[in-house]
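Take a look at the letters that make up each chain.
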Amino acid sequence: MEVQKLKILPEFFKAVLNGDKLFEIRRNDRDYQQGQNVELAEWDGKDYTGRSVLEVITYVTDYHQQPGYVVFGMRPID
């Protein structure tokens with residue numbers, strides 16, 4: 001399965017690493033699905049920092065989201 005590489009700003013990347021942020025809100029331009037793997041790559045606004053984490057999507061919903069957006073739950077890949 002292909003891994004989708006997604007940019008994430010440092011403040012949110014830190015929250016993911018700490019285990020405080022277990023979800024992402026994203027435009028659903030990649031047809032996110034449960035079981036899909038994503039690489040969250042830290043992005044400082046100009047460049048990648050070189051830090052990233054691999055996660056698996058555990059749940060996807062568009063409930064109460066703007067049209068074309070989804071929320072997905074995720075957990076680190078062991």
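Residues numbered from 1 in each chain as written. Predicted model: local features only at pLDDT ≥ 70, side-chain atom pairs only at ≥ 80, totals over all residues. Heavy atoms only, no water.

Q: Before we go on, may I ask you to explain unusual backbone geometry in this structure?
A: For Asp31, which is not a glycine, the phi torsion comes out positive at approximately 50 degrees. Secondary-structure assignment places Asp31 in the loop between strand S2 (23-27) and strand S3 (37-43). Residue His64 is not a glycine yet carries a positive backbone phi of 60 degrees. One can find His64 in the loop between strand S4 (48-61) and strand S5 (69-76). (Helix = DSSP H or I, 4+ residues; strand = E, 2+ residues; numbered from the N terminus.)

Q: Explanation requested: the nonpolar core in the structure shown.
A: A general tendency of soluble globular proteins is for nonpolar side chains to be buried together. Formed by Leu6, Ile8, Phe13, Val16, Tyr32, Val38, Leu40, Val53, Ile57, Val70, Phe72 and Met74, the largest nonpolar core amounts to 12 residues. Of all the secondary structure elements, the ones that give two or more residues to this core are strand S1 (4-8), helix H1 (10-18), S3, S4 and S5. Every residue in contact with Val38, bar those within four places of it in the chain, is listed here: Val3, Gln4, Leu6, Val53, Leu54, Glu55, Ile57 and Phe72. (Core = buried A, V, L, I, M, F, W, Y, C linked by side-chain atoms within 4.5 Å. Buried < 20%, exposed > 50% of the residue type's maximum accessible area, 1.4 Å probe, protein only. Contact = heavy atoms within 4.5 Å.)

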